[in-house]
Amino acid sequence: MIVDFDRIKGERLLRLILSLDGEKFYIVGGCVRDLLLNKSLKDIDVVVERLNRSFIKNFLLIFGVQNYSKSQFLTFKIGTSKGIFDIARARGEYYEAPGKLPRVYPVYDIVKDLKRRDFTINSMAIEFWPRTFKLIDPLGGFDDLKSRILRVNKKGSFIDDPTRAFRAIRYRHRFDFRYDKLTENEFENLNRSLPNLSFARLRNEIARVVCEEKRFLMLKEIGERGILRIWDESFNSFDVKMLEELDRILPRAEDKWFYFLIPFGLENYFKKYPYNFKVSERKILELLFKSLDLSSLSRPSGMHSVLKDAEAETVRVWGALKGVKQELLMDYLWKRDLLKNSIRFNVLVKRLGNFERARKAYNLLVRAFLDGEIEPGEEEEFLRKILSDL
Ligand code: CTP
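Residue numbers here run from 1 along each chain, matching the order of that chain's written sequence. Since the coordinates come from a predicted model, pLDDT governs what is reported: local features require at least 70, and pairs of side-chain atoms require 80 or more to be given and counted, while whole-chain, interface and lining totals use all residues. Only hydrogens and water are set aside; all other atoms, that is, all heavy atoms of the structure, feed into the side-chain values.

**Section: the pairing of strand E5 (residues 83–89)**
Note on classification: 1.4 Å probe, protein chains only; a residue is buried when its accessible area is under 20% of the maximum for its type, exposed when over 50%, partly exposed between these limits. The numbering of helices and of strands both runs from the N terminus, where a helix is a DSSP run of H or I of at least 4 residues and a strand a run of E of at least 2. By the criterion of burial, E5 is predominantly enclosed, with 5 of the 7 residues buried. Strands qualify as paired when DSSP identifies two bridges or more between them. Relative to E5, strand E2 (residues 44–48) runs parallel, the two being bridged by 5 bridges. Pairing of Val48 across the sheet is with Arg89, part of E5. The sheet contact formed by strand E4 (residues 75–80) and E5 spans 6 bridges and is antiparallel. Bridging across to E5, Thr75 finds its partner in Ala88. From the end of E4 to the start of E5, which pair antiparallel, there are 2 residues.

Spelled out as structure tokens, the structure:
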């Protein structure tokens with residue numbers, strides 16, 4: 001099959017590489033899939049059968065980019081103002097142990113490169129130079145796309161690479177596909193490889209899931225299949241209500257990944273391995289899992305004593321975890337925002353010329369403000385009243 005040229009020209013990123021010539025090259029993987037599904041493209045994976053320095057040079061020239069980074073697996077990443085291009089040599093791979101990163105070696109045939117991949121829908125290439133725009137589809141990915149089937153390329157795929165289970169779940173819900181029987185069976189194999197998966201790789205997979213529009217359905221499937229529990233036994237719960245709540249509260253951003261492990265039992269895991277998390281993540285998780293006497297926190301000023309340095313979304317997750325009503329939290333956050341325009345602590349220190357007195361006055365002011373004893377604009381009057389007693 002020849003891919004519609006107008007469709008190719010219609011994609012800005014692809015139009016840009018139409019002028020490249022010289023070495024035979026292909027676009028492959030997710031960008032071919034998305035092109036055939038009529039979706040817009042984010043980044044482009046390019047494969048060459050033989051790596052020629054002048055090809056990379058031409059690439060850099062076209063985009064006026066000086067640098068490229070050489071990454072693992074015989075690939076070069078070229079970030080341009082228009083998008084990211086990953087240029088790779090056609091390669092084969094083998095796995096020395098289930099769940100470990102593969103060893104790669106160059107191959108000189110695009111078909112071999114396509115066959116080592118995860119799913120048939122991701123194992124197609126379009127020949128870009130010479131300009132035939134021929135679809136190379138050795139495993140029937142195009143038919144699977146049309147029939148909305150997600151099919152692994154080979155038996156044992158998830159044993160080699162258990163991240164493919166997360167990928168399968170992402171594609172299933174993103175495209176509303178169903179698994180074929182072989183793929184469904186692969187989930188049964190996860191206990192052989194998933195426990196070997198590194199924390200860093202798991203984190204990447206979760207971070208990708210939480211950016212997806214249908215992340216709730218994806219994480220729900222991860223929960224129902226007990227996938228995280230297979231990875232580490234601390235993840236021995238699944239609270240779908242909490243998941244729903246987090247889905248409502250949190251933005252779709254990679255750095256929010258760790259919040260989404262809460263419904264699966266993150267508290268246990270965090271106690272065991274706190275140093276797997278970045279300092280900033282650890283601070284948030286410590287706050288979220290700290291046991292507290294909730295009765296003292298029912299008033300906004302009480303909440304403030306615990307949450308004053310926490311970002312709004314952390315406050316909302318904290319509320320969901322502790323069973324505090326979201327209206328109360330929204331009220332607290334609203335007042336906390338107003339407080340920013342009220343009298344500032346350093347202004348008060350200057351005015352009173354005494355740090356300790358200013359601290360006491362400021363704390364009283366904040367408490368009165370948050371608990372609704374004074375309204376915005378009434379701060380001066382309140383201060384005048386209390387200063388004589390301090
Ligand atoms: N790939 C694979 N096995 C993996 C990861 C990637 O076979 N564990 C292959 C697939 O052919 C995939 C390509 O590498 O299409 C690029 O991977 P990636 O950029 O992660 O995925 P995309 O297909 O671009 O998917 P997404 O739209 O989710 O980014």
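**So, the site of the ligand**
Of all residues adjacent to the ligand, which total 16 residues, the nearest are Arg33, Asp118, Asp161, Arg170 and Arg174. Throughout this description, a polar contact denotes any pair of N or O atoms lying within 3.5 Å of each other; where both atoms belong to protein, one of them has to be capable of donating a hydrogen while the other can accept it, and for residues adjacent in sequence the pair is counted only when both atoms sit in side chains. Arg167 is positioned with one of its side-chain polar atoms (N or O) 2.9 Å from an oxygen atom of the ligand. Measuring from an oxygen atom of the ligand, one finds a side-chain N or O atom of Arg208 at 2.9 Å. To measure how exposed things are, a 1.4 Å probe is used in the Shrake-Rupley method; for residues, cover is taken only from the protein chains shown. Burial of the ligand by the surrounding chains reaches 81%, relative to a free accessible area of 570 Å². Throughout, the protein atoms alone are placed on a 1 Å grid, and a set of points is a cavity if a 1.4 Å probe fits but cannot get out or a pocket if it is open with protein on both sides within 12 Å along at least five of seven lines; lining residues have an atom within 4 Å of a point. For a molecule to be placed in a cavity or pocket, more than half of its atoms must lie within 2 Å of the grid points of that cavity or pocket. When atom positions are compared with the pocket grids, the ligand is found to occupy the largest pocket. Secondary structure elements with two or more residues in the shell around the ligand: helix H3 (30–36) and helix H8 (163–175). The element contributing the most residues to the shell around the ligand is H8, with 6 residues. When residues are grouped by polarity, Ala, Val, Leu, Ile, Met, Phe, Trp, Tyr, Cys and Pro land in nonpolar, Asp, Glu, Lys and Arg in charged, and all others, Gly among them, in polar. Residue classes in the shell around the ligand are distributed as 1 nonpolar, 4 polar and 11 charged. Think of it this way: one heavy atom of a residue within 4 Å of a molecule or strand is enough to make that residue near it.

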